[in-house]
Amino acid sequence: MRESVWVVVVLAVFQAGCGSSHEGALRKQVIVIGVDGMDPDFVENHWADLPHLAAIRARGSYSRLATTTPPQSPTAWSSFITGLDPSDHGIFDFVHRDPATMQPFLSMAETKPAPFHLTFGAWQLPLSRPRIVSLRKGKAFWRILGEHGISATIVHIPANYPPADSGKSLAGMGTPDLQGTEGSFSYYTDDPGDKPRAVSGGVISHADVIDGRATLRIEGPPDSLRRDLRPSSAELIADVDPVQPYARLSVGGSVAIVREAEWSDWLPVDFPLIPHLVSVRGMVRVFAKQLHPRFELYVSPVNADPEAPELPISAPPSFSRAIAGQTGRFYTLGIPEDTSAMREGVFDLRDFLSQTQLVLNDERKLLNYSLDHFREGLLFFYFSSVDQNSHMLWGQHDEELLKVYRAVDDSIGEVLRRKPSAELMIMSDHGFAPFDRSVDLNYWLYHEGLLFMRNDPYGIDWRRTRAYALGLNGLYLNLAGRERQGIVHQGEERRALLDRIRAGLLGLRDPANGRPAIETVTETRVTGPNARVAPDLIIGYARGYRASWQTGIGGIGSGTFADNTDPWIADHCINAADVPGVLFTTRLLPPVNAGLRDLPVSLLALFGIAPGPGMSGHSIYGQIDDKRQTR
Amino acid sequence: MTSVKLDKSLCERAAKAARKAGYSSLEEFIAHAIEKQLAHLEEAESKEEILRRLKGLGYID
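The structure displayed is predicted, hence computed values, not measured ones. (Residues numbered from 1 in each chain as written. Chains lettered and ligands numbered in written order. Predicted model: local features only at pLDDT ≥ 70, side-chain atom pairs only at ≥ 80, totals over all residues.)

## Examining the sheet that holds strand E35 (residues 581-585) of chain A
Residues and elements named next belong to chain A. This is how it is decided: We call two strands paired when DSSP finds no fewer than two bridges between them. Here a strand is any run of E in DSSP of at least two residues, a helix any run of H or I of at least four, and the numbering for each starts at the N terminus. Contact between two residues is assigned whenever their backbone-derived C-beta positions fall within 7 Å. The angle between two axes is taken between their N-to-C directions and runs from 0 to 180 degrees, where each axis is a line fitted to C-alpha atoms and a helix contributes only its stretch in contact.
Read from one edge to the other, the open sheet built from 8 strands follows the order E2-E35-E26-E1-E25-E9-E10-E24, with strand pairing classed as mixed. Looking at strand neighbours, the two that pair on one side only are strand E2 (61-65) and strand E24 (314-315), the edges of this open sheet. Here strand E9 (residues 152-157) pairs with strand E10 (residues 168-171) via 4 bridges, running parallel. Following the sheet pairing, Ile157 is matched in E10 by Ala171. Docked against the sheet, helix H11 (residues 398-418) engages strand E1 (29-35), strand E25 (377-383) and strand E26 (423-427), running at close to 180 degrees with respect to E1.

## Here's the deal with the confidence of the model for chain A
Our working definition: pLDDT is a per-residue confidence score from the predictor, ranging from 0 to 100.
Scored by pLDDT, chain A has a mean of 93; 93% of the residues are at 70 or more. Here residues 1-19 of chain A is a poorly scored stretch, pLDDT under 50, and it has 0 contacts once near neighbours within four places are set aside; other chains count.

## As for the packing of helix H3 (residues 51-59) of chain A against H11 of chain A
Two numbers describe a pair of packed helices, the interaxial angle and the distance between the axes. All names here are of chain A. Stated formally: Roughly parallel covers angles under 35 degrees, roughly antiparallel covers those over 145, roughly perpendicular covers 65 to 115, and oblique covers all other angles. Throughout, the ten residues Ala, Val, Leu, Ile, Met, Phe, Trp, Tyr, Cys and Pro are labelled nonpolar, Asp, Glu, Lys and Arg are labelled charged, and all others, Gly among them, are labelled polar.
Packing of H3 against H11 brings their axes to within 7 Å, and their N-to-C directions diverge by 55 degrees. Taken together, H3 and H11 sit at an angle that is classed as oblique. Packed against H3, whose contacting residues are Pro51, His52 and Leu53, the element H11 presents Asp409, Ile412, Gly413 and Leu416 at the interface. Broken down by class, the residue content of the contact of H3 with H11 amounts to 4 nonpolar, 2 polar and 1 charged.

## Quick look at the interface of chain B and chain A
Each partner contributes residues to the interface: chain B has 16 residues there, and chain A has 24 residues. Among the residues forming the side of chain B that touches chain A, the class breakdown is 7 nonpolar, 4 polar and 5 charged.

## As for the domain arrangement of chain A
Condition: Note that the domain bounds were set by an automatic or database domain assignment.
Each assigned domain of chain A is listed with its residue range as follows: domain 1 (25-91 + 139-176 + 316-428 + 579-628), domain 2 (185-304) and domain 3 (436-570). If you average the C-alpha positions of domain 2 of chain A and of domain 3 of chain A, the two centres end up 40 Å apart.

## Side note on the nonpolar core
Here is a general trend for soluble globular proteins: nonpolar side chains tend to be buried in one another's company. Short version of the rule: Structurally, a nonpolar core is described as a collection of buried Ala, Val, Leu, Ile, Met, Phe, Trp, Tyr and Cys residues joined by way of C-beta atoms within 7 Å. Here the C-beta atoms are placed from the backbone, and a residue counts as buried if at least 20 other C-beta atoms lie within 10 Å of its own, exposed if 12 or fewer do, and partly exposed otherwise.
Membership of the largest hydrophobic core comes to 174 residues, with the highest contact counts inside it found for Val269, Val286, Tyr298, Leu378, Phe380 and Ala467 of chain A. Among all residues touching Phe380 of chain A, those that are not within four sequence positions of it are Val32, Gly34, Ile154, Val155 and Ile157 of chain A.

## As for the sheet that holds strand E17 (residues 246-251) of chain A
The antiparallel open sheet is built from 5 strands, whose spatial order is E14-E15-E16-E17-E18 (chain A). Because the sheet does not close on itself, it has two edges, and the strands there are strand E14 (209-210) and strand E18 (254-259) of chain A.

## Re the environment of Ala31 of chain B
Locating Ala31 of chain B in the fold gives a position in helix H2 (residues 26-54). Here Ala31 of chain B falls in the exposed class, since 12 other C-beta atoms lie within 10 Å of it.

## What about helix H9 (residues 349-372) of chain A?
Residues and elements named next belong to chain A. For clarity, the cut-off: To estimate how far a helix should extend, the number of its residues minus one is multiplied by 1.5 Å.
With 24 residues, H9 ought to run about 34 Å at 1.5 Å a step, and its terminal C-alpha atoms sit 34 Å apart, in line with that. Within H9, burial applies to Phe352, Gln355, Thr356, Val359, Leu360, Glu363, Leu366, Leu367 and Ser370. On its buried face, H9 sits against E9, helix H7 (318-327), helix H8 (339-343), E25, helix H10 (385-393) and H11.

## Notes on the pairing of strand E13 (residues 202-206) of chain A
Along any regular strand the residues' side chains alternate between the sheet's two faces. Residues and elements named next belong to chain A. In this structure, strand E11 (residues 185-189) lies alongside E13, joined through 5 bridges in parallel fashion. Bridge pairing in E13 places Tyr187 opposite Ile204. Two elements, strand E12 (residues 197-199) and E13, share 3 bridges in a ladder whose sense is antiparallel. Note that in E13 the partner of Ala198 across the bridge is Val203. The loop that links E12 with its antiparallel partner E13 comprises 2 residues; one of these, Gly201, has a positive phi angle of about 80 degrees.

This is the structure we're talking about:
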């Protein structure tokens, strides 16, 4: 009898202990700030200008963070999300190719049209909705948190479209605009010298300004109710004041007044599919670049409206509406900074920086909302602007780039101030390097007799081609049984070809300066379903080099090397060892030699949860001892 | 069936090539050549649309 009583008491104490530990985990606050492209060299050269990051380094920990091979955002963030290598999560590049059609496609998500329609005349009625699927495999680490009762809020993490169905999340990079593109701006000008044309990431149209009024057509989503899928459109009327630098904008029922060189707020736009019956809601921001003497108006890509989203931009679907109800509308396009407009000369530097400011303002609103509602569990919050501005400013406009870094640092200060007891981690997916010279891999393969062109305008002769490049780091063999017209056989032929290409690329020197252009050539060795999309080789360029603009889409130019004359002056799609990211923690840690795959394991460990299936990283926190936390 | 006018010398060259390649008739050869050309053109248009969707990423041109 006495023994039974002791057993009961011991069990009760044990259970109380377990309950306390689990409740502790449930109540814990962990915040991760993900800063795309935050570079360790830039940070280390500017500690005095980044007081909050400097303070965390002084009282907690700071180190460089190894990125993935290749060091591209979709790949790196997918490894952070799942704890898996690219060979397991299946995202190797921004751009993959379908070996059955040899067509490129966005690696992160796919929209599958509704399979069945009722057709009548020019119209078709879809009998189900199009299906949008994430192509990333593996389980998001916050789903594992959810399975253990830990709540998670994930804001704008890349490669999460449509968002994983767990906790609350807003989709990030990979989310398209309503035209189904990764961002297509519209630019209207009455300058007769500016010919109407499609440009990279947008369309330039002529505007007739008659008696001070321009009637402009904004292209919307393809009309899915028509058999020809012709684009829907909406009318934007701009009435320009004859004297003052103001214009009145009317679109649908919305009216806004904009001053020259200023931006409108978000304007909701309805695109009619069947007039007066069915329409699709989007939203745009308008920039009155010039009103006198020329008329120059920029209209942003048509973003999904978070108040009435036509795309699956949040989980649960009501989440974006709840946020917008409190903060107002915000950018929902996956990459909101319009680098295309700057590359095409529609934006000058000042215009681009003013647009970045809008993005940062939206991010601040979202961060404040997230902090207001964060009680316990995990909050992940993402900043895109350091990455996008580094592409355009790196090494030439450091002062302007520092302002973007400072804006993020200010937000980190806000997190420290408002959540002083939270465990905080700040990390980036990769760093940055200049992009001075481009390498046309397909031209090099052509020169080596491994790629052949057809004697017509259609491109590559697949019946003779043995290897080809597509994407920012990928090189593929034209493999029999995998590619549509593959000719290279598995076994010795494949092995010899890989060895030949590797040796050739590692010996490739830039004739302009004699420097090696490529530092690493990594064989992927992928098995299973991801082998279909995996490049055979991943090319690690030296700092200063990158795949040519043509190589990215599987095209070919007229020489192996060329100067990069584009306003996009920096990149990170090079040798991974040359572009590490950063890792800050408010917890004091011994020196760590961590990589992205270690972070989800570490975050799970903070909540006392073991790594998920396939996660091979190690916790940076080692044995968790809450007393060691410092601030 | 629709009739199409072809230059005589082109027609003769096509007939010769069709016989050499083992086509059962000139019509079959021409239909196959048009099909092949159309497939290329349609693929090219499709690729253009695909690239339009991707270019907003900024990384490609």
